Amino acid sequence: MDPQRETHEKNNTEHLIADRREGIGVCGWILVSLSFLLVLITFPISIWACIKIIREYERAVVFRLGRIVSKKAKGPGLVLILPCTDTFVKVDLRTVTCNIPPQEILTKDAVTTQVDGVVYYRIHSAVSAVANVTDVHPATLLLAQTTLRNVLGTQSLAQLLAGREEIAHSIQVILDSATEQWGIKVARVEIKDVRIPVAMQRAMAAEAEAAREARAKVRPMAMSTPTLLCPCLSHPNTFLFSPHCKGAFSHYGQHHSAISISLTLQVVAAEGEMNASKALKQASMVLAESPAGLQLRYLQTLTTLATENNSTIVFPLPIDMLEILGQKNRGG
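Read on for a plain summary of the structure.

The rules behind these values
- Residues numbered from 1 in each chain as written.
- Predicted model: local features only at pLDDT ≥ 70, side-chain atom pairs only at ≥ 80, totals over all residues.
- Heavy atoms only, no water.
- Helix = DSSP H or I, 4+ residues; strand = E, 2+ residues; numbered from the N terminus.
- Contact = heavy atoms within 4.5 Å.
- Patch = residues over 30% accessible without salt bridge, like charges linked within 9 Å, V, L, I, M, F, W, Y side chains within 5 Å.
- Areas by Shrake-Rupley, 256 points an atom, 1.4 Å probe, with all protein chains shown as cover.
- Salt bridge = Lys/Arg side-chain N within 4 Å of Asp/Glu carboxyl O.
- Pairing = 2+ DSSP bridges.
- Core = buried A, V, L, I, M, F, W, Y, C linked by side-chain atoms within 4.5 Å.
- Buried < 20%, exposed > 50% of the residue type's maximum accessible area, 1.4 Å probe, protein only.
- Axes fitted to C-alpha atoms, helices over the stretch in contact; angles between N-to-C directions.
- Polar contact = N/O pair within 3.5 Å; in protein donor to acceptor, adjacent residues only side chain to side chain.
- Disulfide = S-S within 2.5 Å.
- Expected span 1.5 Å × (residues − 1).

Our next topic: the overall build of the chain. Broken down by element type, the chain carries 11 helices and eight strands. Sequence-distant contacts, at least 24 apart, represent 66% of the contacts inside the chain between residues at least 6 apart.

So, in structure tokens, the structure goes:
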């Protein structure tokens, strides 16, 4: 937070409280004197009504004739309350856990989600919490809900899913700045859960399946022609966002309709077929230059088939015999 802004807000808070700390006047002092006299007359019985015990984690804001006494909160320990003229409000300084109920949010890319969270805060100024806001806890909860909706409304679904910590930190900064004049210190904000519609979950699963199928079609050729593969295909987590695949697949938030998703899946499948074809072509060129490599590849295929539990019966034939048969066919 900007130091000048923090000082300005602090001065405004002190000014709001100072307006309530003016003198009580002559009549006020007369009433206070009568209250003291009443305590002395009824002593020691009145002492039980005048002395209040404030716990270590509490503070008492004492009002005398409607004005805050001694410009600060009392406690912990024993606090003297005069009858008829004094009233007090206890304030708990312990950290409060505020659960934000699920909020219906429309993200930047027009996706409807439900997001809930939790806010941890505490009161660091009992006087400000009592004098500057009617009820500090409901006010903080409502402000947290509004801030959550406003911040998440400027983010896309991908940013929401990938950058929860950054979003939570920005919400914490905004809440801490807004509640400063209420005597609130926001310690932590967490986003608990992000719920998206079932139809959207199915669409995302279909897109991920199509991406895996595209990579599966190219992966068997990776050992022969690793330089022809698209860089994003070796990184499953970055496939949807790689700049090399923008022509084949775009972010699902921009194509969330059923028609667009269907077309996107077809494009991804076609991209996989194209890459697989290029890899096969390169592999055939390499194997044509080295006949022994074709033999090794043949033996490797037989080994793969033998390790699988199936009922396939394989009759290995030498490659040379197949070449001889091919030459005879051409000669005939």
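Continuing now.
This part is about a nonpolar patch on the surface. On the surface, V26, I30, L31, L34, L37, I41 and L65 cluster together into a nonpolar patch covering about 670 Å² of accessible area. Along the chain, L31 turns up in helix α2 (residues 25-41).

It is worth spelling out the pairing of strand β7 (residues 112-123) at this point. Across a regular strand the side chains alternate sides, sitting on one face of the sheet and then on the other. Relative to β7, strand β6 (residues 96-106) runs antiparallel, the two being bridged by nine bridges. Bridging from a neighbouring strand, T97 pairs with Y120 of β7. The hairpin turn running from β6 into β7, its antiparallel successor, is five residues long, and A110 in that turn takes a positive phi close to 65°. Across 10 bridges, the pairing between β7 and strand β8 (residues 184-195) is antiparallel. Across the sheet, R122 pairs through a bridge with K185, a residue of β8.

Residues V119 and L152 are the most contacted members of the largest nonpolar core, which totals 36 residues. For this core, the element with the most residues is helix α5 (residues 136-152), which contributes six residues. Here L152 is in contact with I105, T107, V115, L160, I167 and I191, once residues within four sequence places are set aside. In this structure, A60, V62, V69 and V79 belong to the second largest nonpolar core, which totals six residues.

Taken together, the three strands give an open sheet; going across it, the order is β6-β7-β8, and neighbouring strands pair in antiparallel fashion. On the outer flanks of this sheet lie β6 and β8, each paired with one strand and no other. Strand-to-strand twist of the sheet, defined as the mean angle between neighbouring strand axes without regard to direction, takes the value 20°. The sheet contacts of α5 involve β6, β7 and β8, and relative to β6 the element is tilted by about 35°.

Once that is clear, we can look at the side chain of Q172. Relative to the helices and strands, Q172 is located in helix α7 (residues 164-178). Separated by 3.2 Å, the side chain of Q172 and the backbone oxygen of A187 make a polar contact. Once residues within four sequence positions are removed from consideration, Q172 is found in contact with V186, A187, R188 and V189.

With that settled, consider the state of the cysteines. Taken as a whole, this structure holds zero disulfides when the rule is applied. With no disulfide of its own, C84 lies closest to C50 among cysteine sulfurs, the gap being 9.3 Å.

On to α5, then. For α5, which comprises 17 residues, the first-to-last C-alpha distance of 24 Å matches the rise-based estimate of 24 Å (1.5 Å per residue) to within 8%. Restricting attention to buried positions, one finds in α5 the residues V136, A139, T140, A144, Q145, T147, L148, V151 and L152. Contacts made by the buried residues of α5 are with β6, β7, α4 (126-131), α6 (157-162), α7 and β8.

Now for the sheet that holds strand β5 (residues 86-92). The sheet built from three strands is open, its strands ordered β3-β2-β5 with antiparallel pairing. Taken across any chain shown, the strands that pair with only one partner, and hence form the sheet edges, are β3 (67-68) and β5. The pairing of strand β2 (residues 58-64) with β5 spans seven bridges and is classified as antiparallel. Paired with E58 across the strands is D92, a residue of β5.

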